[in-house]
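Take a look at the letters that make up each chain.
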Amino acid sequence: MTRSQQPDDWKQQLTAAADDFDVKEQVLQKMKEQKMRSEGKQVKKRWGLLIAAILVFGGTSAYAAMKVYELKNEKGEAVVKVQQTATPQPQSKSGNWKSFQDVRDSLKPGEGAAVYMAGPDNPKKRVSFTYIPVIHESTPPLQKEVGSFYEVPAELAGGYKFVNGHVNYPFDYSQAELFEEMYKEAENEKKQIVVRKVSPKSNFDRVYTLYKGSEGKERDGDVYIAITNFEGVKYIEEEAGQDAIVEKVKVQNYEGLYIAGKLMDGTEEKVVKVYQEDKNRLIEVVAMNPVLTKKDLLMISQNLK
C-alpha cells in the first residue's frame with residue numbers, strides 16, 4: 001500500500017491501462033493502476049488491479065506498523081516511508097469493478113472520465129477518475145512528452161530492451177459542482193453509475209516504462225520502471241508485508257530502499273526505490289522474475305539518468 005500527501009485537496013484517482021491481464025503483466029498493471037483518495041489533505045495511493053478495485057468500491061482494513069523504513073530529504077523530513085505490516089487480504093466487489101472497466105473500455109487513449117457509483121458500496125459518495133494513457137512503443141515520442149524530467153533509456157543494464165511506456169496525468173479532484181451534478185443525476189434518474197468525460201491536468205505526475213530481455217534465456221524477465229514527479233508531494237508511504245525483506249541501499253550516491261516480498265497471488269516481487277531530491281523525483285525499478293537479484297536491480301538503477 002502506498003500513500004502520498006500533497007498540498008492540493010485531492011479527491012481520488014484510479015488510473016489504468018487497457019492491457020491484457022495475463023500473469024506476466026501484473027506488475028505493469030500494478031504500476032498503472034493507481035487510486036488516490038483524500039480525507040482532508042491526505043491522499044492514499046494503491047497499486048494493483050484487484051487492490052485498486054477494492055479501494056474504489058469497498059473499504060480497507062486497519063493495520064499496525066511493525067517497523068518503518070524512511071528516506072529523508074536534506075531537511076531531515078521523511079519523504080518515502082515503508083511500513084512492514086500484517087494486513088488482512090481484502091475482498092473485491094467484482095460487479096462494481098466490471099462496471100468501472102466498462103467505462104474504461106469506452107474511452108480512447110488520452111481520454112479521462114469521472115465515475116460515480118451510487119449505492120451502499122459507496123456510502124461516502126466518492127467519485128473516481130480514470131485515464132487511458134497514450135502508449136508509446138518507441139522511446140523518441142515518450143522522451144518528447146517527458147522532456148528533460150527523465151532520460152528514457154532504450155536499453156537497461158543487463159540487456160533489457162524498451163517495449164513500451166506512457167505518462168500519467170492527475171486530475172482536479174476538488175470539483176464540488178461536478179460531483180453534486182453527478183449525485184443529482186444518479187438520484188433523479190435512478191442511475192447506479194454516472195460518467196462524465198473530463199480532462200486531466202497538463203503537468204504529469206508519473207512516467208512508466210516496460211523492458212524485456214532476450215527471448216529464450218532463463219534469467220530474462222520483465223523490468224518495470226516508474227518515475228514519480230515529486231513536485232508538490234510531501235511524502236509517499238508504502239506498506240510491505242511482515243515477511244518482506246526491506247533494506248537500505250546506496251544508488252548514485254543517493255540513499256534508497258530494496259524491498260523483496262510477494263504479491264497477493266504469491267508472485268515474488270523485488271523493488272529498488274531511490275529518492276533524488278535534486279531532481280525532484282522518485283525512481284522505482286520493479287521485477288517479478290525470481291532469478292533477478294538485488295544486484296541486478298541496483299545495477300539497473302545505477303545507470304538511470
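Let me begin by describing the structure that accompanies this report.

Rules used throughout
- Residues numbered from 1 in each chain as written.
- Predicted model: local features only at pLDDT ≥ 70, side-chain atom pairs only at ≥ 80, totals over all residues.
- Heavy atoms only, no water.
- Helix = DSSP H or I, 4+ residues; strand = E, 2+ residues; numbered from the N terminus.
- Buried < 20%, exposed > 50% of the residue type's maximum accessible area, 1.4 Å probe, protein only.
- Contact = heavy atoms within 4.5 Å.
- Patch = residues over 30% accessible without salt bridge, like charges linked within 9 Å, V, L, I, M, F, W, Y side chains within 5 Å.
- Areas by Shrake-Rupley, 256 points an atom, 1.4 Å probe, with all protein chains shown as cover.
- Salt bridge = Lys/Arg side-chain N within 4 Å of Asp/Glu carboxyl O.
- Lys, Arg positive; Asp, Glu negative; His and termini not counted.
- Charge placed at Lys NZ, Arg CZ, Asp CG, Glu CD.
- Pairing = 2+ DSSP bridges.
- Axes fitted to C-alpha atoms, helices over the stretch in contact; angles between N-to-C directions.
- Arc of directions from axis to C-beta.

Considering the overall build of the chain
At step 1: Each helix and strand in the chain was counted, giving 6 helices and 18 strands.
At step 2: Taking all 305 residues of the chain together, 52% fall into the buried category.
At step 3: Once local pairs closer than 6 in sequence are excluded, the contacts in the chain between residues at least 24 apart make up 65%.

Points about a negative patch on the surface
At step 1: On the surface, a cluster of negative charge is contributed by Glu-74, Glu-77, Glu-277 and Asp-278.
At step 2: Within the fold, Glu-77 resides in the loop between strand S5 (65-72) and strand S6 (78-85).

Comments concerning the sheet that holds strand S10 (residues 160-168)
At step 1: Pairing is antiparallel across the open sheet formed by 8 strands, whose spatial order is S9-S10-S12-S13-S18-S17-S16-S15. The open sheet has two edge strands, strand S9 (155-156) and strand S15 (245-251), and neither has a second partner.
At step 2: Where S10 meets strand S12 (residues 206-212), 7 bridges bridge the pair, whose relative direction is antiparallel. Within S12, the residue paired with His-166 across the bridge is Tyr-208.
At step 3: Each of S10 and S12 is contacted by helix H4 (residues 139-146), which is oriented at about 35° to S10, the strand it contacts most.
At step 4: Across the sheet, helix H6 (residues 294-302) is in contact with S9, S10, strand S13 (223-229), S15, strand S16 (254-262), strand S17 (268-276) and strand S18 (281-287); its angle to S15 comes to roughly 35°.

A look at H6
At step 1: Along H6, the positions that sit buried rather than exposed are Asp-296, Leu-297, Ile-300 and Ser-301. Taken down its axis, H6 places every buried residue within 135° of arc, on the same side.

Examining the pattern of salt bridges
It is possible for side chains of opposite charge to pair when their charged atoms get near one another.
At step 1: In this structure the tally under the stated criterion is 14 salt bridges.
At step 2: The closest approach of N and O atoms between Glu-185 and Arg-196, which form a salt bridge, is 2.4 Å. Of this pair, Glu-185 sits in helix H5 (residues 176-188) while Arg-196 sits in strand S11 (residues 193-198), placing them 11 residues apart in sequence.
At step 3: Owing to a relative accessible area of 15%, Glu-185 belongs among the buried residues under this scheme.
At step 4: Residue Glu-247 pairs with Lys-294 through a salt bridge whose shortest N-O separation is 2.5 Å. Of this pair, Glu-247 sits in strand S15 while Lys-294 sits in helix H6; the two residues are 47 residues apart in sequence, bridging distant segments of the chain.
At step 5: Look at Lys-294 and you get partly exposed, because its relative accessible area is 29%.
At step 6: Via salt bridges that share partners, Glu-181, Glu-185, Glu-189, Lys-191 and Arg-196 belong to a single interconnected network.

Focus: the side chain of Gln-276
At step 1: Assignment of secondary structure puts Gln-276 in strand S17.
At step 2: With sequence-adjacent residues up to four places away left out, Gln-276 is seen in contact with Gln-252, Tyr-254, Arg-281 and Ile-283.

Focus on unusual backbone geometry
At step 1: Although it is not a glycine, Lys-190 sits at a positive phi angle of roughly 55°.
At step 2: Here Lys-190 is to be found in the loop between H5 and S11.
At step 3: Of the residues examined, Lys-190 reaches a relative accessible area of 73% and is grouped as exposed.
At step 4: Backbone geometry at Asn-280 places phi at a positive 55°, although glycine is not the residue there.
At step 5: Tracing the backbone through its elements, the reader meets Asn-280 in the loop between S17 and S18.

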